[in-house]
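# Summary of structural features
Single-letter residue listing:
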Amino acid sequence: MNYTLLAALGVLLAVLVDTVLLRTFLLRRKGFWAAYVIVLFFQLVVNGLLTGLPVVRYDRDRIIGLRIVYAPVEDLLFGFAMVTITLATWVWLGRRDAPATNRAGR
Amino acid sequence: MHATYLLILLACVVGTAPLEIVLHTRVYARWPRLVVTLVPVVLIFGGWDELAIHQGTWDYARRYLLGVYLPGRLPLEELLFFLVIPTCAVLTLEAVRARRPEWLA
């Protein structure tokens, strides 16, 4: 399976983790998107370094070819999936510690 | 330089550390919860990384790596990546919460 398809599936998995599996519903919260935009900016810097030097080299036959700051666009999907699953898990664990509150898991 | 990738990750750790001190994000302070959070992330995305290396989707330039590899040919730096970057993301979320608690209520 190529990276493009896997990355799209990663995003789908992240959405399912947030909405169905853990029911953290971070994707509806302004605070999640504020954090994601900040992370995205720094991802472009760090990923740009890793793919621009390049520390990481891609097989051109397995990516769609669109690049943003040197990085294949698939890396943005990979990053979104990783950040979303991370934050949903973090928030879910916080809720388990404090089941009385309905807030996004302190 | 063989330490290049490691230094990039170190810059991420150092760059986000002030959030814990200045904004009192209490992410490192709640380290058991952080460790549990990182387990599925390392398994899912580290596994994906190993699959991609195995399939030849991407590889790593040896000149920027320490040369320490985990089983499955995963460079040590890649394992650290899946610990460092998610931790930076959690620090960012908690920094947003510290400044705008109503955005996560």
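Everything below is about the structure shown above.
For the structure given in this document, a descriptive report is provided here. Small disclaimer: the values here were computed from a predicted structure and weren't measured.

### What about the overall build of chain A?
When its secondary structure is counted, chain A shows three helices and three strands. Along the chain direction, N to C, the helices and strands of chain A fall in the order α-α-β-β-β-α. The C-alpha extent of chain A, read off along each of the three principal axes, is 50 × 30 × 20 Å. Within the span of chain A, comprising 106 residues, buried residues form 40% of the whole.

### Considerations on the overall build of chain B
When its secondary structure is counted, chain B shows three helices and three strands. Secondary structure of chain B in N-to-C order comes out as α-α-β-β-β-α. The principal-axis extents of the C-alpha atoms in chain B amount to approximately 45 × 30 × 20 Å. Expressed as a percentage of its 105 residues, the buried residues of chain B come to 32%. Taking contacts inside chain B between residues at least 6 apart in sequence as the whole, the part at least 24 apart equals 72%.

### Regarding the nonpolar core
Counting residues in hydrophobic clusters, the biggest one holds 43 residues, and the most contacted among them are A:Met82, A:Ile85, A:Leu87, A:Ala88, B:Ile85, B:Ala89 and B:Val90. Discounting chain neighbours no more than four positions away, the residues touching A:Ile85 are A:Ala14, A:Val17, B:Pro40, B:Val41 and B:Ile44.

### Comments concerning the interface of chain B and chain A
Taken together, the contact pairs 30 residues of chain B with 30 residues of chain A. At the level of elements, α1 (4-22), α2 (31-55), β1 (58-60) and α3 (76-99) of chain B are the ones that each hand at least two residues to the side of chain B that touches chain A. In terms of residue count, the dominant contributor to the side of chain B that touches chain A is α2(B) (eight residues). Tallied by class, the residues present in the side of chain B that touches chain A amount to 21 nonpolar, five polar and four charged. Sheet topology note: the strand β1 (residues 56-58) of chain A/β1(B) ladder contains three bridges and is antiparallel. Counterpart to A:Arg57 in the pairing with β1(B) is B:Asp59.

### What about the packing of helix α1 (residues 3-21) of chain A against helix α3 (residues 73-97) of chain A?
Residues and elements named next belong to chain A. The N-to-C vectors of α1 and α3 enclose an angle of 20°; their axes lie 8 Å apart at closest approach. As far as their axial angle goes, α3 and α1 are roughly parallel. For the pair α1 and α3, the sense of crossing is left-handed. On α3, the residues that touch Tyr3, Thr4, Ala7, Ala8, Gly10, Val11, Leu13, Ala14, Val17 and Asp18 of α1 are Glu74, Leu77, Phe78, Phe80, Ala81, Thr84, Ile85 and Ala88. Here the contact of α1 with α3 is built from residues that sort into 13 nonpolar, three polar and two charged.

### Brief notes about unusual backbone geometry
With an omega of -5°, the peptide bond running from A:Leu53 to A:Pro54 counts as cis. In this structure, B:Arg26 takes a positive phi of about 55° despite not being glycine. Assignment of secondary structure puts B:Arg26 in the loop between α1 and α2.

### Looking at the environment of B:Leu23
Residue and element names in this part refer to chain B. By secondary structure assignment, the location of Leu23 is in the loop between α1 and α2. Taking the C-alpha atoms as reference points, Leu23 and Ala61, 38 residues apart in sequence, are found 37 Å from one another. Apart from the residues lying within four places of it in its own chain, the contact partners of Leu23 are Ala95 and Ala98.

### Some details on α3(B)
Given a rise of 1.5 Å per residue, 24 residues ought to cover 34 Å, and the 35 Å separating the end C-alpha atoms of α3(B) matches this to within 8%. Counting buried positions along α3(B) yields 18 of 24 residues, so the element is predominantly enclosed.

Calculation criteria
Residues numbered from 1 in each chain as written. Chains lettered and ligands numbered in written order. Predicted model: local features only at pLDDT ≥ 70, side-chain atom pairs only at ≥ 80, totals over all residues. Helix = DSSP H or I, 4+ residues; strand = E, 2+ residues; numbered from the N terminus. Buried ≥ 20, exposed ≤ 12 C-beta atoms within 10 Å, placed from the backbone. Contact = placed C-beta atoms within 7 Å. Core = buried A, V, L, I, M, F, W, Y, C linked by C-beta atoms within 7 Å. Nonpolar A, V, L, I, M, F, W, Y, C, P; charged D, E, K, R; others polar. Pairing = 2+ DSSP bridges. Axes fitted to C-alpha atoms, helices over the stretch in contact; angles between N-to-C directions. Parallel < 35°, antiparallel > 145°, perpendicular 65-115°, else oblique. Left-handed = near helix turned anticlockwise from the far one by under 90°. Expected span 1.5 Å × (residues − 1).

The analysis is restricted to geometry; functional conclusions fall outside its scope.
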